[in-house]
Amino acid sequence: MNVLSKGRSVRTMVAVAVIAALSACGGGGGGGADNDGDTPVNAQSTSSLSGVAAKGLLKNALVTAYLPDAKGLPGQKLAETLSDEQGAYSLSGLPVGQLVLIVVGKNPSGAVTTMADEATNQDVPVPAGFELKAATVVDAPSVSSNTLQITPFSTMAVAKAQAAAQAGGAFDAATVGNANADMRRYAGYDVFDEAPAFTNGGHTPTNAAALALAAVSTLAKSQTEESCPALKDLLADDARTAARAQCTVSQLSTAGSSDTAMADKLKAAQAQAVSDEKYTGAVQLSAAVQSEELKPVPVADIAAAKSLVSYLRSDAPFVVGTSGDTLRTRLEQVQADVQAAINPLDSSNVQLLNAIYYASELMSRAEHGASTHNVQFEGQGRQVGCTFYTDDQFETVANVPSERMTVACRLVYGYELKTPAAMGKPAVYRALQHAIFLLPQSVVDTATDTDVDYVVRTSLVWQDGFVDAQGIFDTDWENGDTHTVLAAGGGDSPFDSRLVAHIKGHFVNLPNRNDYLSSFSLTGDLAPGYESVPGGVQAKGIKSVADLVITPVNVSDGKTLSSVGVVGGFSAVAGDGAVSSIKLLPGSEVRGWLTLPDFTEDTLLARTQDLALHLVLQASTPAGSVIQGSVDVSQFTDTAMPSGSGLTPSQRVGNQTSLPALIGFSGSITRGTQSLLSGSVQLTTEGLASYDGAQSLEDSPAITLTLLVNARVQVPSRPDAVLKNLSVSHHLGALTIAGAVEQGSIWVSASGTQTPAGVLKLALLSDSGITLDVDSSDNSGVYLLKKGDKEVGSIDSRSGLVSFLDGSYQR
Amino acid sequence: MSWCHGVKASLACGLVCLGVATTGHAQSGLTLSEAGSQAGLGPYAHAGFQAWSNGMPVLAMDGDWQRGYQRRAGTQRAYQVAQAEAGVLWAPEFAGRTWPMALGAVVRAQALAMASGEAAQVVYHYQSQTDPAQPGHYDGRTHVMSWVGRGLAWRLSPLSSGPLQMELGWQWLTLTRVRDVATAGQATYNADGSYDFDVSVRHDRSGFQPRYSRPPEPQGEGASLSLAWLWRATPQLTMSLKLDDIWSRLRWQGLNGDDAVASSNVATRTTDGYLDYQPVVQGQYTRRGFSHSIPATVDVTALWHAGPGTAMVNLNRRWGLQQAWLGWRSLGTWRWQAAVEPWAQAWQVGLDAGGFSARFQTDRLDQAAHVRSWSLGYTWQR
């Protein structure tokens, strides 16, 4: 079964599909995200708001979060805190998705609440009744930093939203969103997001947002007792300064964003503040007069679109990155881990086990007059040849069954010409072989069953020999030293290999001499497999270590599937001593019509549809990955290879068992504390019945490969990504993609196609109903973010510019 | 706008250049004139360009800055101004005297840049693809404004005889292009080839229509007042004072732009411990009214007429940059002029003949120059 090459196909499909799908959505760049190892797994239903409370900076001010009522008045109190010396506040435990009203006022007890006045360079006590407000919808922490500056401008926005509610609307997310958008347009910058920055204890503005607040202080200086009656009763300078500020905030809220006179005053005050403060930075406050009516803006839809974009941006480094810990490298790592995990049971190891099993079975039948020489073919040109000997030095061939003492087998993987035929001498070949020398230690034979104990020495060698007309490799024993040892545990020849294992078996003796194994255990060291390297082949490490118990469960009623249980461990020891191991747990078995002893390859060939492999495994790799779970391989299909192709039943069985229609893994792959993948991955191959083997699976018009993933993937420093029914189908270079990803509080489904020419059409849908249709054949490179039929934003894939309907943009 | 250089006074064509050996600044100003017995109608045309900076390669701002950049601790300033004007001169009779005046079409363009020394240093490293020698913080304050306008220019000499003469000029402009860019913030060099930055950018410009925004207003308007005085203190000494654009207004209602914050800190950790990746640039498209004034130019000139020529001292200030010229001009039909500006190490040559005048000044002849000016003019003379 060519699992490895199929695994590469799976990896390629996933990488191409996912990267192609999301690379067009902007973001990008390598991984690089740090992982502190304590990333929480579950999304929270509450979040925090933070920012600065400032007219000038409000120090030790009481900041309270409420659920507002329908008219925008404070309702249920949610949280409260005091601002610090920089006016900064942070409120936690606020409900995600809820509209909250934040009110800042005088702290009724404890530290005195003061307000920095930029115009007078004073910190003045905040008068009773002074309030700043702001309102917003709390986003999940994974999609927003939830920054909210509470200023006279946010207070103006709340006042406008309250006015709209009083006029018959409701103080809801839409109204507040419209009012906040109105204020952004009025101010010309994002008054809710851009934090004011001051020096000199909060008295000297250093950025545009701070200058805008200084303009309010400058405007306050123009207050008179007529415009601000509260001044009549005040004598102290600081109290009068505070009262002027209070009056100004109130008047700004009353005037709102549609009052031309107030806008002009504010602009003039800003110009004055620039001069007074010797301000040289950017000036942003524009005081652009807005209409009295709130301009409807699909605030919630825009916020949802921003969430989708934020999700794509935050996860793009992981999804499309090519270095660091990214999805691509993760999949490559998973592939490498799977390869490493099954490395002990790669093809040559399995063939060696099969040959040992065959040699054991042959030995058990020795007394029944089996042929002196036995050759067994199996698929893909390999052969197993065995010979009985009368001695434990493997010198004298035993032609008489009763004299058979030992058996030597050679598993030939392939041969190459060493010396061409010449002068009447046949051509000499050399064959890559596993040599197996089996010596019985004890045999307890009864009429009904036999218990055996064999010692088996194995080695990996190049062996000289001849090839007969039937293609059978025959060892050239007559010409002296004709072998080259690749691995024998330090032994000089195959005969004295120090790779020794013990076999204990139990045979059921039948009258017709078709004895069969009812149990078989193999414990000890075995020769390693081989691997191709530039210029030839080499031993794949030092040795393999087996601790396996194989238990055939024979059901011969013709109605029930038989099985062969395989339990135990198998390890491969690399040249540097690193060990990769696989442990097959109880429940691992091969199921099928294995109605031993009547089992034949023809029988199996006719019933391969019912053949299934179920491995419950636990494996570790030299890199430290641990794989736990089960592998299911099933739906073997007789391919369209013509019966007259010359393939033997054994070869056809070999071909078919390389082409299961269904390969599934369910379990987890972890490394340290990190879960690389947890869930199920299933690869189905459709069209095998029509597959003639002339092309690779990927290139065959008959074949459709489909990868289906339902798994959780731990993303560095991000919420886990849960892949739900994510399927990627491949047919003649065309990809079809469907499925959903849930991560944190966002859920995104995807469906689309990619042509062999690379034209990608992908539709993303978020749980908020925002769609993003990507069409790489669109020459504009601009993809629209929509809610229903309404456009709420766009992504320019070429410039990286993301624009939203409210005039905000990101790049 | 005066592109009239050292033309002999008392020309019959109308407005007369009074022999003020100006230095050829491409500035919006007046042609000092005197009323006399002029009559008739005559043409005039002037065109000129001037670039000046105190450290930035003003002629190659998009170049690599390897040459022509001089580091300054204080503010770096630079400007490029250009103007072309053509029209007619005449001197109507009114209230018993003549009123020399000019009416012409004018095209003006200005680009003015100001940056903190540190901001200019950052630009230098960016343009030259180099890194600072030491880690450090850089103040990112810059302001660049440019505009292009066309319209009518009208000049009048209400006081055009006697030792003290006066002239005023008025321009009505239609603005066809405006750009106003301001940045503030800080950049940090981390000594490992990497930079951090947190900069706010305000960028208003005409012709800009971002998605989801209304089309910009197609044009703006502008006006400018300039004044000039000429005093013949003695037969040998002539003094002049010119205040170009002493009052001005450039307005463009409904100018689209954007406010943006660019930050290298794109990874922020939420309260839940997750990392959010923010965009490098977050902005808000805006629609504002543009209202600025044209930086005024103050120009003082003293001429000493002696022997074979005229000695000249000229002081000029525009956009915070000063010039101080010392020069000499010959007499005769072909009047050569030469002058030097010792602080900028610039030199000037000029030639006047009949109604024609030409000036060229620079501190060096390649693109690394900090001073470059040329002007050509013709004033009809009877």
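Residues numbered from 1 in each chain as written. Chains lettered and ligands numbered in written order. Predicted model: local features only at pLDDT ≥ 70, side-chain atom pairs only at ≥ 80, totals over all residues. Heavy atoms only, no water.

So, about the overall build of chain A. Tallying secondary structure elements over chain A gives eleven helices and 40 strands in all. A total of 811 residues make up chain A; the buried ones form 52% of that total. Residue pairs in contact within chain A that sit at least 24 positions apart in sequence constitute 59% of those at least 6 positions apart. (Helix = DSSP H or I, 4+ residues; strand = E, 2+ residues; numbered from the N terminus. Buried < 20%, exposed > 50% of the residue type's maximum accessible area, 1.4 Å probe, protein only. Contact = heavy atoms within 4.5 Å.)

Turning next to the sheet that holds strand β8 (residues 122-125) of chain A. All names here are of chain A. Reading across from one edge, β2-β7-β8 is the order of the three strands in this open sheet, with antiparallel pairing throughout. The sheet is open, and its two borders are formed by β2 (58-59) and β8, each paired with just one other strand. The sheet contact formed by strand β7 (residues 114-117) and β8 spans four bridges and is antiparallel. Within the sheet, the bridge partner assigned to Ala 116 lies in β8 and is Asp 123. Relative to β8, helix α5 (residues 237-255) is tilted by about 80°, and along the sheet it contacts β7 and β8. (Pairing = 2+ DSSP bridges. Axes fitted to C-alpha atoms, helices over the stretch in contact; angles between N-to-C directions.)

Let us look at the state of the cysteines. Residues and elements named next belong to chain A. Evaluated as defined, the whole model comprises two disulfides over all chains. Put simply, Cys 228 and Cys 247 are joined by a disulfide, and their sulfur atoms are 1.9 Å apart. Measuring the twist about the S-S bond at about 70°, one finds the Cys 228-Cys 247 disulfide to be right-handed. Of the two residues, Cys 228 sits in the loop between α4 (208-220) and α5 while Cys 247 sits in helix α5, which places them 19 residues apart along the sequence. With respect to class, Cys 228 is no different from Cys 247; both count as buried. What pairs with Cys 386 in a disulfide is Cys 409, and their sulfur atoms sit 2.0 Å apart. Measuring the twist about the S-S bond at about 115°, one finds the Cys 386-Cys 409 disulfide to be right-handed. Remark: Cys 409 occurs in strand β14 (residues 406-419) and Cys 386 occurs in strand β13 (residues 383-389); sequence separation between them is 23 residues. We note that Cys 386, like Cys 409, is buried. For chain A, numbering the cysteines in disulfides from first to last along the sequence yields the connectivity 1-2, 3-4. (Disulfide = S-S within 2.5 Å.)

Residues and elements named next belong to chain A. Strand order in this open sheet of four strands is β4-β3-β6-β9, and the pairing throughout is antiparallel. Each edge of the open sheet is held by one strand with a lone partner, namely β4 (74-82) and β9 (132-137). The sheet shows a mean angle of 25° between the axes of neighbouring strands, taken without regard to direction. Here strand β6 (residues 99-105) runs beside β9; their pairing, made up of six bridges, is antiparallel. By the bridge assignment, Ile 102 is partnered in β9 with Ala 134. Here helix α2 (residues 152-166) sits on the sheet in contact with β6 and β9, set at roughly 70° to β9. Packed onto the sheet, helix α3 (residues 173-187) meets β6 and β9 and runs at close to 120° relative to β9.

Turning to the packing of α2 of chain A against α5 of chain A, a few remarks are in order. Residues and elements named next belong to chain A. Between α2 and α5, the shortest axis-to-axis distance is 8 Å and the interhelical angle comes to 40°. Put simply, α2 runs oblique to α5. When you trace α2 past α5, the crossing you get is right-handed. Residue-level contacts link Pro 152, Thr 155, Met 156 and Ala 159 of α2 to Val 249, Leu 252 and Ser 253 of α5. (Parallel < 35°, antiparallel > 145°, perpendicular 65-115°, else oblique. Left-handed = near helix turned anticlockwise from the far one by under 90°.)

With that out of the way, let us pick up α5 of chain A. All names here are of chain A. Here α5 contains 19 residues, and its C-alpha end-to-end distance of 26 Å stays within 8% of the 27 Å for a straight helix at 1.5 Å per residue. Within α5 the residues assigned to the buried category are Arg 240, Thr 241, Ala 242, Ala 243, Ala 245, Cys 247, Thr 248, Val 249, Leu 252, Ser 253 and Ala 255. Contacts from the buried residues of α5 go to β7, β8, β9, α2, α4 and α6 (260-276). Of the residues trailing α5, Gly 256 is marked for its positive phi of about 70°. (Expected span 1.5 Å × (residues − 1).)

Further remarks concern α3 of chain A. Residues and elements named next belong to chain A. Here α3 contains 15 residues, and its C-alpha end-to-end distance of 21 Å stays within 8% of the 21 Å for a straight helix at 1.5 Å per residue. By the criterion of burial, α3 is predominantly enclosed, with twelve of the 15 residues buried. Within the sequence span of α3, burial applies to Thr 175, Val 176, Gly 177, Asn 178, Ala 179, Asn 180, Ala 181, Asp 182, Met 183, Arg 184, Tyr 186 and Ala 187.

Turning to the packing of aromatic side chains, a few remarks are in order. Under the counting rule described, the total for this entry stands at 17 aromatic pairs over all chains. Ring geometry for Tyr 389 of chain A and Phe 394 of chain A: centres 5.7 Å apart, planes at 75°, overall edge-to-face. Tyr 389 of chain A sits in the buried class, given a relative accessible area of 8%. Here the aromatic rings of Phe 356 of chain B and Tyr 378 of chain B are separated by 4.5 Å at their centres, their planes lie at 40°, and the arrangement is tilted. On the criterion of sequence distance, the pair formed by Phe 356 of chain B in strand β20 (residues 356-362) and Tyr 378 of chain B in strand β21 (residues 371-379) is long-range, its members being 22 residues apart. Above the ring of Phe 804 of chain A, the side-chain terminus of Lys 306 of chain A is found at 5.3 Å from the ring centroid. The ring of Trp 319 of chain B carries the charged tip of Arg 77 of chain B above its face, separated from the ring centre by 5.6 Å. (Phe/Tyr/Trp six-rings, centres within 6.5 Å; stacked < 30°, edge-to-face > 60°. Lys NZ or Arg CZ within 6 Å of the ring centre and 35° of its normal.)

All names here are of chain A. Contact geometry for α4 and α6: axes closest at 8 Å, N-to-C directions at 105°. Viewed along their axes, α4 and α6 adopt a mutual orientation that is roughly perpendicular. For the pair formed by α4 and α6, the contact residues are Leu 211, Ala 212, Ala 214, Ala 215, Val 216, Thr 218 and Leu 219 on the first element and Met 262, Lys 265, Leu 266, Ala 269, Gln 270, Gln 272, Ala 273 and Val 274 on the second. A class-by-class count of the residues in the contact of α4 with α6 yields eleven nonpolar, three polar and one charged. (Nonpolar A, V, L, I, M, F, W, Y, C, P; charged D, E, K, R; others polar.)

What follows is about the pairing of strand β29 (residues 660-671) of chain A. Residue and element names in this part refer to chain A. Of all twelve residues in β29, nine are buried; the element is thus mostly enclosed. Sheet topology places strand β28 (residues 625-636) next to β29; eleven bridges connect them, and they run antiparallel. Bridge pairing links Phe 636 to Pro 660 in β29.

With the rule as written, the count across this model stands at 29 salt bridges over all chains. Ionic pairing is found between Glu 416 of chain A and Arg 430 of chain A, a salt bridge with its closest N-O pair at 2.7 Å. Of the two residues, Glu 416 of chain A sits in strand β14 while Arg 430 of chain A sits in strand β15 (residues 428-445), which places them 14 residues apart along the sequence. A single salt-bridge network, built from bridges that share partners, covers Arg 202, Asp 204, Asp 259 and Arg 288 of chain B. (Salt bridge = Lys/Arg side-chain N within 4 Å of Asp/Glu carboxyl O.)

Moving on, we get to the nonpolar core. Residues and elements named next belong to chain A. The biggest cluster of nonpolar side chains holds 55 residues, and the ones touching the most others in it are Ile 356, Val 407, Ile 503, Phe 520, Leu 522, Leu 526 and Leu 617. Ranked by residues supplied to this core, first place goes to helix α9 (residues 347-364) with nine residues. Apart from the residues within four sequence positions on either side, Leu 522 is in contact with Leu 353, Ile 356, Val 456, Ala 501, His 502, Ile 503, Ala 546, Asp 547 and Leu 548. Among the nonpolar cores identified, the runner-up in size contains 54 residues, and Leu 57, Phe 153, Leu 213 and Leu 266 belong to it. (Core = buried A, V, L, I, M, F, W, Y, C linked by side-chain atoms within 4.5 Å.)

As a further point, take the pairing of strand β9 (residues 195-205) of chain B. Along a regular strand, successive side chains alternate from one face of the sheet to the other. All names here are of chain B. One ladder, built from eleven bridges, connects strand β8 (residues 164-189) with β9; its direction is antiparallel. Following the sheet pairing, Gly 185 is matched in β9 by Val 199. Here seven bridges tie β9 to strand β11 (residues 237-263), and the two strands are oriented antiparallel to one another. Looking at β11, one finds that Ser 200 is bridged to Val 261.

All names here are of chain B. Overall, the prediction assigns chain B a mean pLDDT of 86, with 89% of residues at 70 or greater. In the predicted structure, residues 1-38 sits below a pLDDT of 50 and forms 190 contacts with residues beyond four places in sequence or in another chain. ipTM for the predicted complex: 0.82, alongside a pTM of 0.68. (pLDDT = per-residue confidence, 0-100.)

In this section: the confidence of the model for chain A. All names here are of chain A. For chain A, the average pLDDT comes to 81, and 82% of its residues sit at 70 or higher. Predicted confidence for residues 1-44 stays below pLDDT 50, and this span has 99 contacts to residues more than four positions away or in other chains. With pLDDT under 50 throughout, residues 377-381 is counted as low confidence; its partners more than four residues away or in other chains account for 15 contacts.

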